[in-house]
Amino acid sequence: MLSVKGLTANVGDKEILKGLDLEIAPGEVHAIMGPNGAGKSTLSHVLSGREGYEVTGGSATFEGRDLLELEPEERAQLGLFLAFQYPVELPGVNNTYFLKAALNSIRKARGEEELDAVSFLRLIKEKLKILHLDDSLLKRAVNAGFSGGEKKRNEIFQMALLEPKLAILDETDSGLDIDALRVVANGVNALRSPERSMIVVTHYQRLLDYIQPDYVHVLAKGRIIRSGGKELALELEEKGYGWIDAEGQAA
Amino acid sequence: MSDAAFTAFAGWLSESGEGSRPDWLESQRLLARERLADLGVPDRKTEAWRYTSLKGLMEQGFGRTGETMAALQPDDLEEVLVPGLDAQRILLVNGRYLPELSGQGDLPAGVRIGGLRELLASEPDRLREHLNAVAETDAQPLFAALNTAGLDDGLVLWVGRGVVLERPIELVHLSVGLDEPRVAQPRHLVVLEDGAQATLIERYVSLGDSIYCTNTVLELSLGRDALLRHDRIQMESANAFHISGLYLTQGADSRYLGVNIGLGASWSRTDLNCRFQGEHAECDLQGLYVAGDGQLMDYHLDVQHTQPNCNSREIFKGILHGHGRAVFDGRVFVAREAQKTDAAMSNRNLLLSESAEVDTKPQLEINADDVKCSHGTTVGQIEPEMLFYLRSRGIGASLARRMLCLGFAEEIIQRLSAEALRDHVSERVGRRLESAPMN
């Protein structure tokens, strides 16, 4: 589904990704862990098409398409979804209007019929129920004045509605207390399916207690230096990132 | 600019002698004419006209609009009405009150609504105290004096002591294109006596896209503890000139909540003047202007804190696209005796193109030492972060930009008094942004 090969990317003059490889098949959940500055967020941003990054080499294909030549909206329309580490506040943009515009833009791009107001609201209600959310957030402006937990829940809610094939969760656990984390993780788990893949980017092992990954990768200094099963996350938790740094230097 | 140019421009004034008026009004009109001669035409060296040229307006050969548009049918109004708006409508066409197409409703005792000309004939004494008193004749600037010099018709809304008018009053000023460009000078008077409450929706619209000029003056007097919600929506024709002067005085404990929306006209100038006459009054002035190719919108605010313990808020937002231009000149004056004044002014602008322009000049002049005053101004583009967020959800770049612009405008639109009006304005702003090229 996603194939990243030898990806290198710069921010300004600084090389952040230094030859990254990653293969993800449908239905798989991959955790990417690593210390601060390893390039975790850069990877999420480069895959989703954010400005400010220069890809200098390598490739990223999504279901056979060259991801890197597509506009951000085209990637989303293909089924890529980024849950932001810091969801952006959009004052004055009503959440329901935003969700409808997003869903219908994606449907339109796929040649599907746009949903009318009634069918849309029915769908929204259904998704809210799955995630055990109340509908008060629909009436508000997108993320405006939301608490940290509300913002992250809104991200997962968007994911539930847009039904991506590949979701990248960028440090979704950051800034959440344990209760909020559990709510968000339950939401993510409810969306797991044999067709849907996920990349869970995190600094801490904590989130992986709730979202069990199939694979764990360690990202350090712009490269994946170790891959393994979920036991790797526990090892990291125990030893910290110090040994990685040493290993990264050696590599 | 030469005074000869102004004499040529205002040539139509001499035609406006028809009708009988009370003597006191005739002398006010005469006084205003004399004042016009004394004032002369301001040029760009005059501070109040520093960014806005009068040349285009003065070069138009205008005639004066006087005749009523009796041929107008209710169907003609369809396209300018706000769907679903529940209000008692007062219709003025080319400056003249048209009772036939105005709404009739049962009014509480102590309320007068109607045409100025009509009420001048039936109850002149009632009007005498306030007409040209809120905007004092000997202090009126050029266009207000011009309006007074030709003072003839407009809206009168009078709400007696303690009366709460539940249903909004909607003043629709409709311009219908004539063979030659005309000037309409509606003059409105709104008086809320002590404890009275009302909502006034004031709209300027047109049929067709002809050239004309509206030069309107609105005098507003709020008594003690009165409350007025006031929505003003300027959707003149794309080729129109629009000049609007609002003069407001507020008694103690009164509240004024004003929202100004500017979408139309090729050249427009709005002056909002507020003065407190008692303590603990509150004045809230908000505005949204959207200017594109061939449009200039100039807003001047002058808020006079001459009494202690009053609050004022001035929040104006602008969206400029294409070659659109705007001017915001906001002045808050705090007199030495106006202690405990709380005033906050802000002007935020979104520039959607390289060739759009805004000149913004918020000013505080504070002479008291125990006050809370602030002002802020921003001129910026759409935030790339916000744009990326929307695009990452599958929304195309142009729709995403439009959504963000409309979001920026919503803060002001949501202040309008009625949902039907909010929907109407949102829809119009959205339509404008749809046709606006964005880069």
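Residues numbered from 1 in each chain as written. Chains lettered and ligands numbered in written order. Predicted model: local features only at pLDDT ≥ 70, side-chain atom pairs only at ≥ 80, totals over all residues. Heavy atoms only, no water.

**Thoughts on the confidence of the model for chain A**
Point 1. On average, chain A scores 91 in pLDDT, and the residues at 70 or more come to 97%.
Point 2. Per-element confidence in chain A is highest for helix H2 (residues 72–78) of chain A, whose mean pLDDT is 97, and lowest for helix H9 (residues 242–250) of chain A, whose mean pLDDT is 60. (pLDDT = per-residue confidence, 0-100. Helix = DSSP H or I, 4+ residues; strand = E, 2+ residues; numbered from the N terminus.)

**Things to note about the layout of surface pockets**
Point 1. In this structure, the largest pocket occupies an estimated 690 Å³ of space.
Point 2. Counting only elements with at least two residues in the lining of the largest pocket, the list comes to helix H7 (142–149), strand S10 (213–222), strand S12 (241–250), strand S14 (267–276), strand S16 (296–305) and strand S18 (325–334) of chain B.
Point 3. Looking at which element gives the most residues to the lining of the largest pocket, the answer is S12(B), with six residues.
Point 4. For the lining of the largest pocket, a count of residues per class yields 17 nonpolar, 12 polar and seven charged.
Point 5. Its volume calculated, the second largest pocket comes out at about 580 Å³.
Point 6. What lines the second largest pocket is a set of 26 residues, and nearest its centre among them are Glu51(A), Pro384(B), Leu387(B), Arg391(B) and Arg401(B).
Point 7. Among the secondary structure elements, those contributing two or more residues to the lining of the second largest pocket are helix H1 (40–48) and H2 of chain A together with helix H8 (384–391) of chain B. (1 Å grid on protein atoms, 1.4 Å probe; cavity = no way out; pocket = protein on both sides within 12 Å on 5 of 7 lines; lining within 4 Å. Points joined across faces, edges and corners; volume = space filled by probe spheres on them. Nonpolar A, V, L, I, M, F, W, Y, C, P; charged D, E, K, R; others polar.)

**Overview of the pattern of salt bridges**
Point 1. In the structure shown here, the tally under the stated rule is 46 salt bridges over all chains.
Point 2. One salt bridge connects Glu427(B) with Arg428(B), and the closest N-O pair in it is separated by 3.7 Å. (Salt bridge = Lys/Arg side-chain N within 4 Å of Asp/Glu carboxyl O.)

**Topic: the sheet that holds strand S8 (residues 197–202) of chain A**
Residue and element names in this part refer to chain A.
Point 1. Taken in spatial order, the six strands line up as S6-S7-S8-S3-S9-S10 in an open sheet, and their pairing is mixed. Strands with a single pairing partner mark the edges of an open sheet, and in this sheet they are strand S6 (80–83) and strand S10 (223–228). Across this sheet, the average inter-strand angle for adjacent strands is 20°, counted without regard to direction.
Point 2. With five bridges connecting them, strand S3 (residues 29–33) and S8 associate as parallel partners. (Pairing = 2+ DSSP bridges. Axes fitted to C-alpha atoms, helices over the stretch in contact; angles between N-to-C directions.)

**Considerations on the pairing of strand S15 (residues 282–291) of chain B**
All names here are of chain B.
Point 1. For S15, the buried fraction is high: nine of the 10 residues fall into the buried class.
Point 2. The sheet contact formed by S15 and strand S17 (residues 311–320) spans 10 bridges and is parallel. Pairing of Cys283 across the sheet is with Ser312, part of S17. (Buried < 20%, exposed > 50% of the residue type's maximum accessible area, 1.4 Å probe, protein only.)

**Digging into empty space enclosed by the protein**
With a probe scaled to a water molecule rolled over the atoms, the places where space remains empty come into view.
All names here are of chain B.
Point 1. Inspection of every chain in the model, using the stated rule, returns six cavities of 30 Å³ or more.
Point 2. The calculated volume of the largest cavity comes to roughly 110 Å³.
Point 3. Residue lining of the largest cavity: 13 residues in total, with Arg232, Gln234, His242, Asn260 and Thr270 positioned closest to the centre.
Point 4. Here the residues of the lining of the largest cavity sort into four nonpolar, seven polar and two charged.

**Focus on the nonpolar core**
Point 1. Ranked by size, the top nonpolar core spans 127 residues in total, and within it Ile199(A), Leu174(B) and Val429(B) carry the most contacts.
Point 2. Take this core: its biggest share by element is nine residues, from helix H9 (residues 397–413) of chain B.
Point 3. In contact with Ile199(A), not counting residues within four places along its chain, are Leu2(A), Leu22(A), Ile24(A), His30(A), Ile32(A), Leu47(A), Leu166(A), Ala167(A), Ile168(A) and Leu169(A).
Point 4. Core analysis: the second largest hydrophobic core is formed by 53 residues, Val111(B), Leu155(B), Leu228(B) and Val358(B) among them. (Core = buried A, V, L, I, M, F, W, Y, C linked by side-chain atoms within 4.5 Å. Contact = heavy atoms within 4.5 Å.)

**Considering the sheet that holds strand S6 (residues 169–176) of chain B**
In a beta sheet, neighbouring strands pair by backbone hydrogen bonds and run either parallel or antiparallel.
All names here are of chain B.
Point 1. The strand order across the open sheet built from 10 strands is S3-S2-S6-S9-S11-S13-S15-S17-S19-S21, with neighbouring strands paired in mixed fashion. The sheet is open, and its two borders are formed by strand S3 (96–97) and strand S21 (372–380), each paired with just one other strand.
Point 2. Relative to the sheet, H9 contacts strand S13 (255–262), S15, S17 and strand S19 (342–351), its axis offset from that of S17 by approximately 155°.

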